[in-house]
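Structure at a glance
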Amino acid sequence: MSEFQRLPTENIERVLCVAAHPDDNEYGTSAAVHQWVAAGAEVHYLQLTAGEAGMADAPDVVGPLRLREQQDACREVGVSHLEVLDYPDGAVEYSLSLRKDIARYVRQFKPNVVVIGPYDVEAYGSLNQADHRAASLATLDAVRDADNDWCFRELYEEENLPKWHVNAILVTGSDRPTHFVELTSADVDAAVASLNCHKAYLAHVKGHPKPEDFIPPMLAEQGKATGVENALMFRVYDMGGLRREEEPESE
C-alpha cells in the first residue's frame, strides 16, 4: 500500500491557484486542474506578476505577450478566471501588502482549496526562485488572514468582504508530499498542451525540453511512487473540512 493518501475530491468545488508568474502552474499543476474542472470545480488563477522580466525583450512588450500565452494555457485546462496583479517580476517581496491582496482575493472568490508552489529555498533539485518563495509564503499566511475578523479589518469595514475559511492548502513540488491525485491520460495531455501555449517563453529559454518530453515522465514517476499510472503529488495542510480517505462517510 502506498504511504501517500489519495486526495479526497468531495470538497473540491472552488480552487484558487496562486503563482508568481505566467507558466508557473503549467509544470504539472495544470494536470490536476484539468481533472478538477472536468469534475465540475471552478478554478481561478491568481498571478502576482505579468512575467515581464522573464524574457530579453522590453517589459512593456513581454508582459502583454505572456498574458496572452497564459490566457491560452488557461483555456486548455478550463480555468474560468485569470487575475493578474501588478507586483514587479523578479522583485516580489513577502509583505503585509502582498498578504492583504491575496487575502482580499480569497474573500472575494471564496475557494475551499488553495494551491501553491514550494516555498523552500531549495526546490526541484535546485535553488527555488525568490518570487516563488515570497508568493507561496505570503499565501500561506493570507489564507489564515482571510479567516480572521481582525486581520486587515478594512477588507470588511471598507470593502464589505467578510472572512472566509479555506479547507485545505495544497503545495505542489514539495519534497515531503502527503497526498496525490490520480491522473488520466487526458489530464496529462492537457498539462502538456497548457505548457506548450507558452511558445515565446519556451523559445526564449535555452535548452528547455519540449513539454511532451518531460511532463508525462514526471507525472508517471509520481504515479509509480503512489501506486497508479500517473499522479500529481501534494503536501496537504488540512485547515479543517477536508475529509480524509479513511474516514467513513456519514449515512
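Values in this document were obtained by computation on a predicted structure and should not be read as measured data.

1. Topic: the packing of aromatic side chains
Any pair of aromatic rings gets described here by the distance separating the centres and the angle formed by the planes. A full pass over the atoms with the stated rule returns three aromatic pairs. The ring centre of Tyr-201 lies 4.1 Å from the NZ or CZ of Arg-66, which sits over that ring.

2. Here's the deal with the side chain of Gln-70
Along the chain, the position of Gln-70 falls in helix α2 (residues 59–77). Judged by its relative accessible area of 2%, Gln-70 falls in the buried class. Among the polar contacts listed, one links the side chain of Gln-70 to the side chain of Glu-26, at a separation of 3.3 Å. Once residues within four sequence positions are removed from consideration, Gln-70 is found in contact with Pro-22, Asp-23, Glu-26, Tyr-45, Gln-47, Leu-82 and His-198.

3. Structural notes on the sheet that holds strand β3 (residues 42–47)
As summarised here, the arrangement of the eight strands in space is β1-β9-β10-β8-β5-β2-β3-β4, forming an open sheet in which the pairing is mixed. One side of each edge strand has no neighbouring strand; the edge strands of this open sheet are β1 (5–6) and β4 (81–84). In the sheet, strand β9 (residues 179–182) pairs with strand β10 (residues 231–238) via four bridges, with the strands oriented antiparallel. Note on β10: the bridge partner recorded for His-179 is Phe-234. On the sheet, helix α4 (residues 130–145) packs against β2 (14–19), β5 (113–116) and β8 (168–172) and is oriented at approximately 165° with respect to β5.

4. Here we look at the pattern of salt bridges
Counted under the stated rule, the structure contains 12 salt bridges. Here Arg-14 ties to Glu-42 by a salt bridge, and the two come within 3.0 Å at their closest N and O atoms. In this pair, Arg-14 is assigned in strand β2 and Glu-42 in strand β3, connecting sequence segments 28 residues apart. Accessibility expressed as a relative area gives 30% for Glu-42, which makes it partly exposed. Notably, a salt bridge pairs Asp-141 with Arg-144, separated by 2.5 Å at the nearest N-O pair. Pair noted here: Asp-141 and Arg-144 are both in helix α4, with a separation of three residues, about one helical turn. Arg-144 sits in the partly exposed class, given a relative accessible area of 48%.

5. So, the confidence of the model for the protein chain
Looking at the protein chain as a whole, its pLDDT mean stands at 93, while 96% of the residues score no less than 70. Low pLDDT, under 50, characterises residues 245–251; the predicted model gives this stretch six contacts beyond four residues in sequence or across chains.

6. A closer look at unusual backbone geometry
Phi angles above zero are rare outside glycine, and Tyr-124 is one such case at about 55°. Along the chain, Tyr-124 turns up in the loop between β6 (122–123) and β7 (126–127). A positive phi is found at Phe-152, a non-glycine position, where the angle reads about 50°. For Phe-152, the position within the fold is in the loop between α4 and α5 (154–157).

7. Focus: the packing of α2 against helix α6 (residues 185–196)
Where α2 meets α6, the axes come as close as 8 Å, and the angle between the chain directions of the two elements is 170°. Taken as axis vectors, α2 and α6 run roughly antiparallel relative to one another. Here Ala-73, Glu-76 and Val-77 of α2 come into contact with α6, specifically with Ala-190, Ala-193 and Ser-194.

8. Quick notes on the environment of Lys-210
Among the structural elements, Lys-210 can be located in the loop between α7 (199–204) and α8 (211–226). Judged by relative accessible area, which is 53%, Lys-210 ranks as exposed. Along the chain, Lys-210 and Gly-173 lie 37 residues apart, while their C-alpha atoms are 19 Å from each other.

Rules used in this analysis
- Residues numbered from 1 in each chain as written.
- Predicted model: local features only at pLDDT ≥ 70, side-chain atom pairs only at ≥ 80, totals over all residues.
- Heavy atoms only, no water.
- Phe/Tyr/Trp six-rings, centres within 6.5 Å; stacked < 30°, edge-to-face > 60°.
- Lys NZ or Arg CZ within 6 Å of the ring centre and 35° of its normal.
- Helix = DSSP H or I, 4+ residues; strand = E, 2+ residues; numbered from the N terminus.
- Buried < 20%, exposed > 50% of the residue type's maximum accessible area, 1.4 Å probe, protein only.
- Polar contact = N/O pair within 3.5 Å; in protein donor to acceptor, adjacent residues only side chain to side chain.
- Contact = heavy atoms within 4.5 Å.
- Pairing = 2+ DSSP bridges.
- Axes fitted to C-alpha atoms, helices over the stretch in contact; angles between N-to-C directions.
- Salt bridge = Lys/Arg side-chain N within 4 Å of Asp/Glu carboxyl O.
- pLDDT = per-residue confidence, 0-100.
- Parallel < 35°, antiparallel > 145°, perpendicular 65-115°, else oblique.

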